[in-house]
Amino acid sequence: MLFSPQANAQGDACWQQHRATVYEWTCAAQSLPPEGQDFALSIVVVDSPKTILVIDSGATAAVGESAAAAIRSKFGTKPVWILNTQPKPEHVLGNVGLRAQFAGTLREGESFASRLVAGKKTADLMRARCPACIENFSERMGSNSVKGTESLVPERILRTKTGHLGLLNGDWTPWKYRLYRDLETEEALVLRNQELKLWWVGSAVQNRDIPDLYDGDVVERINFLGRLKTRMSADDTILTSFGALGRDWVERNLNYFVRVQQEVLYGLEEGVSEVELIEQISAKISEFQNPVYVQTDLKASAKALEIHQLNVQRIYRQTEPLAF
């Protein structure tokens, strides 16, 4: 089956507006097969009078093409900057899909890659991991789903740990950024616009029954979530790869990781083996699940259990050196 990048990509139903200049495109799923729906992440667009900022680009060329068509339809022929916030393929492989739509907005002698922005670690890992990451997606989703997909690595590098996006466009000076190591992957970029009361946190906060640690460090995730909870005001909005979330999701994610780490630490101090501890904590999964969920889908329950078990395993290995 071939997935059309233009299918319904330009309708207003694909857009959610969060502030006067901040929009979320939510139709990546239309360009992905059923096997790829876990990678149907939101793409955020920040508008300004002369240019636009696209935050992440999707999992495949087809997703990027769909997003680009929708962006051009909504915002016209303004030049674009694309911010790749982490090196996971589902966040960055859509870069190539935006290239054709915005090639005409480049200045003479300017390459499209110079409009792609990322932290140095993110760019280095993108370069190192692909095309293997595309091959992995092809095996999982089928070759048609990744047709035309290639890795475009950003040439504009954010070299300081903290800063603001005024270096791309003066209108974006209020957008402050911070690069985190081992938060959810090797490098993750978080944004805050205090004037708009908005945050961008990628997949560090999740509206899932069981949040996924991914490749992050549990101590880093707990510290980040704790700081985020403290710094958020009541009317702040968090934009994530899964849509806009409220403060309650920050607390739910934080409570989950704190409780799992505590259980692991107690087990380590009692001399429980890794395998036994995974079995013990997995058997109590209902105690860790977010109360807003009612488990009726056995497939969803199996997925939640798988994520939970992987989290326990990762946290065990990270916590083991800390045990007495």
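Scroll up to find the structure.
Let me sum up the structure you'll find in this document. (Residues numbered from 1 in each chain as written. Predicted model: local features only at pLDDT ≥ 70, side-chain atom pairs only at ≥ 80, totals over all residues. Heavy atoms only, no water.)

1. Digging into a positive patch on the surface
So, point 1. There is a patch of like positive charges on the surface, built from K161, R178, R227 and R231.
So, point 2. Note on placement: R227 falls in helix α6 (residues 218-231).
So, point 3. The partly exposed category is assigned to R227, whose relative accessible area is 36%. (Patch = residues over 30% accessible without salt bridge, like charges linked within 9 Å, V, L, I, M, F, W, Y side chains within 5 Å. Areas by Shrake-Rupley, 256 points an atom, 1.4 Å probe, with all protein chains shown as cover. Salt bridge = Lys/Arg side-chain N within 4 Å of Asp/Glu carboxyl O. Lys, Arg positive; Asp, Glu negative; His and termini not counted. Charge placed at Lys NZ, Arg CZ, Asp CG, Glu CD. Helix = DSSP H or I, 4+ residues; strand = E, 2+ residues; numbered from the N terminus. Buried < 20%, exposed > 50% of the residue type's maximum accessible area, 1.4 Å probe, protein only.)

2. Section: the packing of helix α1 (residues 61-75) against helix α3 (residues 95-102)
So, point 1. The geometry of α1 relative to α3 is characterised by a closest axis approach of 6 Å and an angle of 40° between their N-to-C directions. The hand of the α1/α3 crossing is right-handed. Residue-level contacts link A61, G64, E65, A68, A69, I71 and R72 of α1 to V96, G97, L98, Q101 and F102 of α3.
So, point 2. Split into classes, the residues belonging to the contact of α1 with α3 amount to 7 nonpolar, 3 polar and 2 charged. (Axes fitted to C-alpha atoms, helices over the stretch in contact; angles between N-to-C directions. Left-handed = near helix turned anticlockwise from the far one by under 90°. Contact = heavy atoms within 4.5 Å. Nonpolar A, V, L, I, M, F, W, Y, C, P; charged D, E, K, R; others polar.)

3. Concerning the sheet that holds strand β8 (residues 162-164)
So, point 1. In space, the 6 strands of this open sheet follow the order β8-β9-β10-β11-β12-β13, with mixed pairing throughout. Two strands in the sheet have a free side with no partner beyond their single neighbour: β8 and β13 (243-245). Sheet twist, expressed as the average angle between the axes of neighbouring strands with direction ignored, equals 25°.
So, point 2. With 3 bridges connecting them, strand β12 (residues 237-240) and β13 associate as antiparallel partners. Bridging across to β13, L239 finds its partner in A244. (Pairing = 2+ DSSP bridges.)

4. Section: helix α4 (residues 120-129)
So, point 1. What α4 keeps buried is the set T122, A123, L125 and M126. In a view along the axis of α4, the buried residues occupy a sector of 165°, so they form one face of it. (Arc of directions from axis to C-beta.)

5. Examining the sheet that holds strand β1 (residues 15-19)
So, point 1. The 7 strands are arranged β1-β2-β3-β4-β5-β6-β7 in an open sheet whose pairing can be described as mixed. Of all the strands in the sheet, just β1 and β7 (156-158) have a single pairing partner and so form its edges. The average angle at which neighbouring strand axes cross in this sheet is 25°, direction not considered.
So, point 2. Across the sheet, α3 is in contact with β4 (52-55), β5 (80-83) and β6 (116-119); its angle to β5 comes to roughly 175°.

6. Brief notes about the packing of aromatic side chains
So, point 1. Within this structure, the stated rule accounts for 7 aromatic pairs.
So, point 2. The interplanar angle of 90° and the centroid separation of 6.4 Å between the aromatic rings of W15 and Y23 together place this pair among those described as edge-to-face.
So, point 3. Judged by relative accessible area, which is 10%, W15 ranks as buried.
So, point 4. For Y23, a relative accessible area of 12% translates into the label buried.
So, point 5. Arranged with centres 6.2 Å apart and planes meeting at 80°, the rings of Y256 and F288 form a pair that is edge-to-face. Of this pair, Y256 sits in helix α7 (residues 247-269) while F288 sits in helix α9 (residues 285-288); the two residues are 32 residues apart in sequence, bridging distant segments of the chain.
So, point 6. Members of the aromatic cluster, connected to one another through ring pairs, are W15, Y23 and F75.
So, point 7. The aromatic ring of Y214 is capped on one face by K88, whose charged end is 3.2 Å from the ring centroid.
So, point 8. Lying across the ring of W249, R252 places its NZ or CZ 4.4 Å from the centre. (Phe/Tyr/Trp six-rings, centres within 6.5 Å; stacked < 30°, edge-to-face > 60°. Lys NZ or Arg CZ within 6 Å of the ring centre and 35° of its normal.)

7. A closer look at the nonpolar core
So, point 1. Judged by nonpolar contacts, the single largest core of 37 residues is most densely connected at V201, V205, F224, L228, F257 and V264.
So, point 2. Broken down by secondary-structure element, the contributors of at least two residues to this core are β10 (188-193), α6, α7, α8 (274-283), α9 and α10 (298-319).
So, point 3. Of all the elements, α7 adds the most residues to this core, at 8 residues.
So, point 4. Setting aside its immediate chain neighbours within four residues, V205 contacts L225, L228, T240, F242, L245, W249, V250 and N253.
So, point 5. The next biggest cluster of nonpolar side chains, apart from the first, holds 35 residues, and it includes C27, I43, V54 and C133. (Core = buried A, V, L, I, M, F, W, Y, C linked by side-chain atoms within 4.5 Å.)

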